[in-house]
Each structure stands twice: as C-alpha cells, then as structure tokens.
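As a plain string of letters, each chain reads:
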Amino acid sequence: MSMKLQAIDADLYPHQQHVNDLVLAGKNVLLTAPTGSGKTDAALNPFLLSLSRLRAYDPIPKCVYSVPMRVLANQFIEKYKPRVTEYGAKIGLKLETKIQTGEQQDDREFASNLIFATIDQTLSSYLLTPYSLPKRLGNINAGALVGAYLVFDEFHLYDPNSTLPTTLHMLKQLNGITPFVLMTATFSTSLIEELAHELNCEIVPKTEDERQAILGIKSQQKIRRYHVADTPLNAERVLETHRGRSIVICNQVERTQQLYRCLNALKSDHTRLILLHSQFLTEDRRRIETLLQEMFAKDSGADVIVVATQAIEVGVDISSTIMHTELAPANSIVQRAGRCARYKGDEGDVYIYHQVEATDGSVVDLTQNFMPYEGMGLVVGKTLAAFQARSRNTFTYLDEQAVLDEAHTEADTALLQRLRSIQTDHKRKIHALQSGNPNQGGGTVDPRHLIREIANQPVTISSNPDSLREAPFDAPAFGLHPGTVQKHLKDWLERGKALGIWSVKMLVEVDEKDKHKVEERAQTNQERFEWNDVKDANSAWGAQLLVVNPILSSYDPDFGFIAHREDEKVWEAKLPSREARTAHPPVHYRLETYARHIQLVHDAFQTLWLDVAANARQLEKHFSWQRGTLRYACELAVLLHDVGKLSKGWQKWVQEHQRKIGQPADINQAYAHTEYDSMNDEHRIAQGEMEKRPYHAVEGALATLPIVHQILADDNLTRAVFSAIARHHAPFSQENMTARLVSTAPKFISETFAQAGLTIDAPALNGLNEDLTPLDDADRDSLIAVPDNLQAFLPYLLIARVLRLADQEGTRMGS
C-alpha cells in the first residue's frame, strides 16, 4: 500500500516504515530501493509526521529536498504541493511547498517548509555563494540548512569530481545536527556500505528479509525482460518491435536526431513520434515533457515512440512497453529501464544495443566508443557481459542489483579511494570559499568546480552578435559537449570560408588595460565584452560563449538545435527585454531613529525565530548548550547589529543628507536611516554630492565585542555573534575604519534593550569600545567564525540568517 499524506502514519510499506522510524529517532538513512517503490514518500513521511506530533517528537521545521535535475523538482512540486497543503490544513498548519531551480526561482531564500531544489542551489547556498541571490546576500541561505532535514534523491547521478565530494563534506560537517536521507536505485552494494560507514547512516533495506519484502510491493508486481540485441540499433528495428508505447534512448544528441529523422520517414501515420534531448530551449523542453506525461499516462492507449537521450533517464514518470537503449554503464541502463514496465501489472522488454548505425551508414561499436561515458570502458564492458549472461531473462530489482554489483564494484572501490585521496584538498577549497578567501592556499577556487563540473559549452545563433553584447549570457543558448563543438567548428569554418562569410565568433572580455577599448566601451554604453572571430577550432576551447552564423545553423522547436542547417528556415537568438532583465523595485527609506529601527528588527526577529527554534535546538543539543542559549545570542546580535551607526561619522552624514534635501533632522536624536527615494532626483543628486556613507557593520561588531563576550561568556558564541554583526550587509566583510561613537551611545543601547524587555547591566555597558582603530589581520582573523571551528561557524550561519532576514523585514516595515 502506498503512503497517503492525509493518513501519514498509516499504510506504509515496511521499508518506508523503517525509514520513518529511523529519521524520527534522529538517525541518518541511506535508502536503496528500485524505481517506483515510494522512495520520495518514504523520505517525506517522517518530516510531515514530526510536524503533526509536536509534543511527541522534536519537530523537523524545514525539509530541503535536493535533486540532480530540474525535471525532478518540477515533477515533485506538481505532485506533492497540493498533498502537503491539504495535509497541513488537516493538522492545523499552513505548510508552504516551493521549488527552487535555476529556471524557476520561487524560494530564493529557502523560506518555505518544503523546498524542492536542484543540488546546485543547495550546495551553492551552503558554500555561501548561492546561485539564487546576489553576492552581498551570500550568507543568508546556509543557515537554513543547519538543523533542517535534508533529502538527496538520485544520489548516484552526482558528479564524482565536484557534486559528490562537496555533498559528502557538507554532510560530515552537519552530522549529528542535521538529519538526512540519501536515496538511490543504482549504487553497488559495496559503495552503499562504504558511504553508510563514512556518513554514519543506517542502510534500508538492510537484511535479506527486508530486500525480499520489497519484491512484494505493488510496483514490483510486473514483468520486465532484458535482451542484448545482436543487431545494430536502427529505425527498422524500432518499428519492427514497436507495440503501443516505445522509448528509444541514445547516448548522444546527434544520434537521437538521426534516428528521429529515419523513424519519421518510415513510421505509419497513426504513430506519434516525439524527440527529447538537452538541446531544446526551456519553453520547448517543458512543452515536450508535458506531452510525454500525457501520451505515456496510465491507460492512455496512445501509439507513440519517443526518441531521447539520457535526459529522460530520470524524473519523467512514464512507462513504456518496449525500450531500446544504447549500451551504457549498468547504473544508467537500470535507471533507464525504470521507464519500462514501471507500474503494477505492466509487462515490457528492454533491448540493449552495443552497436548503432552512424550518420554515414557505418556501424559504431559502443564497447570502443564511450561518449559521453569517457573513462568508463571497464564498467561498460562488464555491463555488457553481465547482461549477456542473463539475456532474455525476467529481472526483479534484486537481479538488477546483482548486475550493478558485477559491473560497478571495482570502479566504485576506485571511486572511494579517489574521494579519500582528494578529501583534504577538497576540504581546503570549501573552507576557502566559506571563509571568503578563494585565493587561500594556492590557485583561485571557482565554486562551480565544487558544485557541478559542467562539461557543456554554450552556443547561440545570431547574424548580429553585437545585438547580444549588452547581456550575452541572457541570450538563449544550447549546451554542447566541448568535443562535439570541436567537430562542428571544423565544418562551420570550412563552410563559412566556402561561402565567403564569417562562421563563428567567441565572446571575450575587453582588456581593461587597453585604454582605447575602455573609452570606446564607455562612449557606446556597451558591456565589458566583445566578439572575436574564431580562426581555428582549437582557439575556441573554453570560450564563455560562441555565436554561429544563422546561415550555417538553426533551431526547430520539435527537433532542437540544428548544427548544420539544410533548409530555408532561419532562427536567431534575441535578448529578453531590458525591462525583464533589469527590473529592480525602487528603493525607499524614511528618516528613522535608531531606537525605532532596532524595535522593528526585534519584532521581526521574534516572528522569524519561530521558524528556526527547532534548528537552534539541534545545535544546542549537539554542543551541549542550555536550551535558549542560541535564541539569546541571536537576540543580542539583533539588538546590537547597528551600534556602528552610533558613530559620530554616521550621524554627521545623516544630518548633512537631511539638510541637503531640505528636511533637517533633530540633532539630539540618533538615526539608523535617512529619507531617501531612488525615484526622487533631489535625493539622488544629494547623495551624489556627498562623501561616501561611513561603514558601520564591522565597526559595530568591534564596538560591542566586549559586551557580547561578557554576557555570553563563551568564546565560540562570541565569534558567532561578532561575525553575524560584522557581516550583516555582506558575507565576507572584515575590515574596519577608524571611528568614534557618540557620547550618548550607551544611553541609546540601554533604551533599545529596555524596549525589548531586557536589561543590560552597567559593567557590560561600560565595556563598549567607543574609539575604534583598524585591526591587523591576525586580530581580525581571531574574531571571525571560520569553518575549521564548527562550534562557532554553524551558530554563525544560523544567527546571520535570522539577523539578515529580520533586518530586511524591519527595514521594510520602517520604510
């Protein structure tokens, strides 16, 4: 019986119940189960159950459900949002479910109860370089992950050079604080056992009885046969075996397009043919995915063939009668086969081909040509041997696991050894980013190399590349494998030369040292880029963006990117409107006293704390702090975060600004904000004529450091609060300027504590640093919370999140 969210603690399969019990007992889980066995339900059940029984369990306040592909996030949000909302209403809670991917950014600050996010969004947030937010807000999202419930689906698809080691490091840092579940259908047994040991996880299913029990669930009551074909994959073979609904999966886009063309020429009129691969524009890909869901829905009765790359391998909830797949590593083949005979009572056949017909009619041997699985020849060979030994057999998921073990165990052992060998260097790079020192200890650390190594090179099409120069990365583009780009480039250059036209241009940054180019850029209001002609294929390696002449290439919404244009159809990339690219809401501040601003931020804090109280409790238990310790530390940060604005320099700046706009301020009062409207020319001119506004964040942290330390009497918590105050406007602020507080600063601080219902005693207040001078590097480094010291760093992440969100909300209320 599948789980129903409206009866969340009933109707669970044994493996789902086991996951539920372990998570609610505070254990981490590595769940390995076949496609269609309810892994997602198993992961979400304990999260929702904890919310419904607040007295029986510590609630799990937030779940971040990470997936390797945005199509999975799209599928899950559609399926689970209404179910979770309905369940929340039944238990008296308003539960928010949102999606956060590069394409659909509905929860940039990870504020909802349940967030379906791509792994890139999760990891970039934890590294303090969130893809969803500007750099100045880089330390907001990481705190949402500390003490939350983390789910990592399709874990086997994580890039072993970037995504996988970074995820493992994050989970080791958060172990014992943040409960998590890892889920996969296609890891070898040895890899599962080693990862479980490394991460302190419980494996589900663990015993032979538990594994046998999975065979009895509904989705496993089906017949799926595997065959190794002795003929090459071609259109005739697909049509010969077609019945009802067929899926064909090729390893390369070029071969899907070739096969699609051949099938289109040979198929009967009543058979629907669909093509899906990675080189479609977003809106067309979504349209095709929706069509697939409709055509392959249960009992649809459709007569359809879909030709796809591994883009269909994960996340598309469809079931075919026949599947044809090119030879690939066993884990990919088993994953693909999850789209064949997927549901109870289904019967299907999976045909594996180690030979395919090339575009020139020759036969390609896939045991020798591994693209895009470079470096996996040994695994591919073992995969073929394992399936040949079982050809024409009906498989259960345990049979599939046996093939996985045969094909992948040796390679997985090597992978684990490699992960251990790079662990120290990978940790150094992660800590360099989290500390704001990407150049620390060697070459510059690029966060993309820690999140996901993307092997694609973007290519677009335009007859006027300069029309894209204003915002080149906003232009519609297609991601091509660099090797494929090199092959196409040679053809494009030859054809362009024969036609007497330019062929390909590449985007380069203007050299800032070239004065003439810099001046020209300023005069023409262009961005910092220009286009250079590609003279030979090698020169285009690593180019940020390539643009192809539309005489040579094109695009079709049903066929995708056309590398070699053969008809009269012309397609060119166009930039989105400037309004769509640069739409920013106007900025409006009202003249606001220091006391009023602190009061509003404190009010916001009290509301926000309800969302993170359980997260804080996880940290308090882990570090043996008394309950309420982190709330008080965070409250101190809120009450003291703007003490730097009580400097003489800041208050003088406020008075001068107010005079310039004709609205003088009370000289006996202290202010946190001036009157400012970004749409008001007078206000903009006034600020333009003034000296730069004095800094206040690090200055305020230094001024209040003795107060914080005396009250908390804990070095690590003091570092956490100091860092949160110092970095409440930018994630890596650390330098301070000379400053002197106004003589009435202690009075204003005391008043803000009183209006929050707290008192601050004279000894603590007397410790206020009223004269500030720049710190040297050593002193500054000793005060900042860094990832090498998790007892300071993790509380800092949580406090910084609450402070920054409360400051934003308080400022909004005050304006």
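Residues numbered from 1 in each chain as written. Predicted model: local features only at pLDDT ≥ 70, side-chain atom pairs only at ≥ 80, totals over all residues. Heavy atoms only, no water.

Focus on helix α7 (residues 189-199)
Every buried residue of α7 is accounted for by Leu 191, Ile 192, Leu 195, Ala 196 and Leu 199. Buried residues along α7 cover an arc of 130° about the axis, so they all sit on one side. (Buried < 20%, exposed > 50% of the residue type's maximum accessible area, 1.4 Å probe, protein only. Helix = DSSP H or I, 4+ residues; strand = E, 2+ residues; numbered from the N terminus. Arc of directions from axis to C-beta.)

What about a positive patch on the surface?
Together, Lys 79, Lys 218, Lys 298 and Lys 344 make up a positively charged patch on the protein surface. Structurally, the position occupied by Lys 79 is in helix α3 (residues 70-90). You can call Lys 79 partly exposed: its relative accessible area is 39%. (Patch = residues over 30% accessible without salt bridge, like charges linked within 9 Å, V, L, I, M, F, W, Y side chains within 5 Å. Areas by Shrake-Rupley, 256 points an atom, 1.4 Å probe, with all protein chains shown as cover. Salt bridge = Lys/Arg side-chain N within 4 Å of Asp/Glu carboxyl O. Lys, Arg positive; Asp, Glu negative; His and termini not counted. Charge placed at Lys NZ, Arg CZ, Asp CG, Glu CD.)

Concerning the sheet that holds strand β19 (residues 504-509)
Taken in spatial order, the five strands of this open sheet run β18-β17-β21-β19-β20, and their pairing is mixed. Two strands lie at the open edges of the sheet, namely β18 (478-480) and β20 (529-533), each paired on one side alone. The average undirected angle you get between the axes of adjacent strands in this sheet is 35°. (Pairing = 2+ DSSP bridges. Axes fitted to C-alpha atoms, helices over the stretch in contact; angles between N-to-C directions.)

A few points about helix α19 (residues 594-622)
Taking 1.5 Å of rise per residue, 29 residues should cover 42 Å, yet α19 covers just 36 Å from first to last C-alpha, more than 12% shy of that figure. Its maximal kink placed at Asp 611, α19 deviates by approximately 55°. Looking at the residues trailing α19, positive phi occurs at Ser 624, about 60°. (Expected span 1.5 Å × (residues − 1). Bend = angle between axes of the 7 residues up to and from the residue.)

Focus: the pattern of salt bridges
In this structure the tally under the stated criterion is 39 salt bridges. For Arg 287, the salt bridge goes to Asp 284, with nearest N and O atoms at 3.5 Å. Here Arg 287 and its partner Asp 284 are both found in helix α11 (residues 282-295), three residues apart, which amounts to about one turn of the helix. Two residues, Glu 406 and Arg 390, come together in a salt bridge whose shortest N-O distance is 2.4 Å. Placement of Glu 406 in helix α14 (residues 397-434) and of Arg 390 in the loop between α13 (377-388) and β16 (393-394) is noted, with a sequence separation of 16 residues between them. Taking the relative accessible area as the measure of exposure, Glu 406 reaches 41% and is therefore partly exposed.

Quick notes on the packing of helix α20 (residues 629-640) against helix α24 (residues 715-726)
The N-to-C vectors of α20 and α24 enclose an angle of 35°; their axes lie 9 Å apart at closest approach. Viewed along their axes, α20 and α24 form a crossing whose handedness is right-handed. Between α20 and α24, the contacting residues are Thr 629, Leu 630, Ala 633, Ala 637 and Leu 640 on the first element and Leu 717, Val 721 and Ile 725 on the second. Its residues assigned to classes, the contact of α20 with α24 shows seven nonpolar, one polar and no charged. (Left-handed = near helix turned anticlockwise from the far one by under 90°. Contact = heavy atoms within 4.5 Å. Nonpolar A, V, L, I, M, F, W, Y, C, P; charged D, E, K, R; others polar.)

Description of the sheet that holds β16
Read from one edge to the other, the open sheet built from seven strands follows the order β10-β11-β9-β12-β13-β8-β16, with strand pairing classed as mixed. The two strands at the open ends of the sheet, each matched to only one other strand, are β10 (272-276) and β16. Direction of pairing for strand β8 (residues 223-228) relative to β16: antiparallel, over a ladder of two bridges. Looking at β16, one finds that Arg 225 is bridged to Thr 394. Packed onto the sheet, helix α10 (residues 253-266) meets β9 (245-249), β10, β11 (304-308) and β12 (322-326) and runs at close to 170° relative to β10.

Observations regarding the pairing of strand β2 (residues 63-67)
With respect to burial, β2 is a largely interior element, five of its five residues being buried. In terms of strand pairing, β2 meets strand β4 (residues 114-118) through five bridges, oriented parallel. Bridging from a neighbouring strand, Val 67 pairs with Thr 118 of β4. Across four bridges, β2 lies against strand β5 (residues 149-152) in parallel orientation. Bridge pairing in β5 links Tyr 65 to Val 151.

Function cannot be inferred from these measures alone, as they are strictly geometric.
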